[in-house]
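Here are the chains, one letter per residue:
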Amino acid sequence: MSTTLNVARYSALLSGVFYGIYHRRSLQKAHDQDKEHHAIHQREQLIAQAKDAWRHKQESAKGSDGVITNPEDPRFDLEKLVAKWEKDI
């Protein structure tokens with residue numbers, strides 16, 4: 001084989017290897033940023049859930065008469081709420 005052909009082949013091989021390294025790093029960087037964004041979003045969701053749970057717990061502790069006033073709560077009873085309002089009037 002001629003020297004020129006070998007130089008061209010090895011030049012193409014080395015440029016392909018370096019391009020692969022560069023491309024891999026750029027993909028890894030994008031993946032790491034995506035992963036970090038997802039972790040931050042997950043943490044924010046957990047904090048929001050904890051705040052909701054704490055607020056719900058505080059609201060239920062205020063109502064010592066046992067009547068649940070939050071209509072989103074599965075234990076909500078409209079009849080008990082109306083009876084409480086009638087009793088307060």
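First, a word on scope: everything that follows refers to the structure included in this document.

### Side note on the overall build of the chain
Scanning the chain from terminus to terminus reveals two helices and zero strands. The C-alpha atoms of the chain give a radius of gyration of 32 Å, which is well past the 12 Å a tight globule of 89 residues would have. For the chain, the spread of C-alpha atoms along the principal axes amounts to about 105 × 20 × 15 Å. Counting only residues that meet the buried cut, the chain has 4% of its 89 residues in that class. Element-wise, carbon and sulfur atoms account for 59% of the exposed surface of the chain, whose accessible area totals about 8,300 Å². Here the chain contributes 14 positively and 13 negatively charged side chains, and the mean placements of these two sets differ by 14 Å.

### Some thoughts on a nonpolar patch on the surface
On the surface, a nonpolar cluster with roughly 620 Å² of combined accessible area is contributed by Tyr10, Leu13, Leu14, Val17, Phe18 and Ile21. Along the polypeptide, Phe18 turns up in helix α1 (residues 3–62).

### Some thoughts on the pattern of salt bridges
Under the defined criterion, the tally for this structure stands at two salt bridges. Arg75 serves as the salt-bridge partner of Asp73, at 3.3 Å between the closest nitrogen and oxygen. Assessed through its relative accessible area of 8%, Asp73 is described here as buried.

### Some details on the environment of Leu46
Of note, Leu46 is situated in helix α1. Remark: the alpha-carbon pair of Leu46 and His31, spanning 15 residues in sequence, is separated by 22 Å.

Analysis parameters
- In this numbering scheme, every chain counts its residues from 1 along its sequence in written order.
- Reporting in this predicted model follows two pLDDT cut-offs: at least 70 for local features of residues, and 80 or more for side-chain atom pairs to be given and counted; totals over whole chains, interfaces and linings ignore these cut-offs and use all residues.
- Water and hydrogen atoms play no part in the side-chain values, which are based on all heavy atoms of the structure.
- Put simply, DSSP marks the helices as runs of H or I at least four residues long and the strands as runs of E at least two long, and each gets a number from the N terminus on.
- The atom set for the radius of gyration is the C-alpha atoms, and the globule formula is 2.2 Å times the number of residues raised to the power 0.38.
- For every residue, the accessible area (1.4 Å probe, protein chains only) is compared with the maximum for its type, and the residue is labelled buried under 20%, exposed over 50%, or partly exposed between those bounds.
- Under the convention used here, a 1.4 Å probe and the Shrake-Rupley method define accessible areas, while residue burial counts only the protein chains that appear.
- Charge convention: Lys and Arg are scored as positive, Asp and Glu as negative, and His as well as the terminal groups of each chain are ignored.
- For charged residues, the charge sits on one atom: NZ in Lys, CZ in Arg, CG in Asp, CD in Glu.
- Think of a patch as exposed residues, more than 30% relative accessible area, with no salt bridge, where like charges cluster within 9 Å and nonpolar side chains (Val, Leu, Ile, Met, Phe, Trp, Tyr) cluster within 5 Å.
- The term salt bridge refers to a side-chain nitrogen of Lys or Arg lying within 4 Å of a carboxyl oxygen of Asp or Glu.

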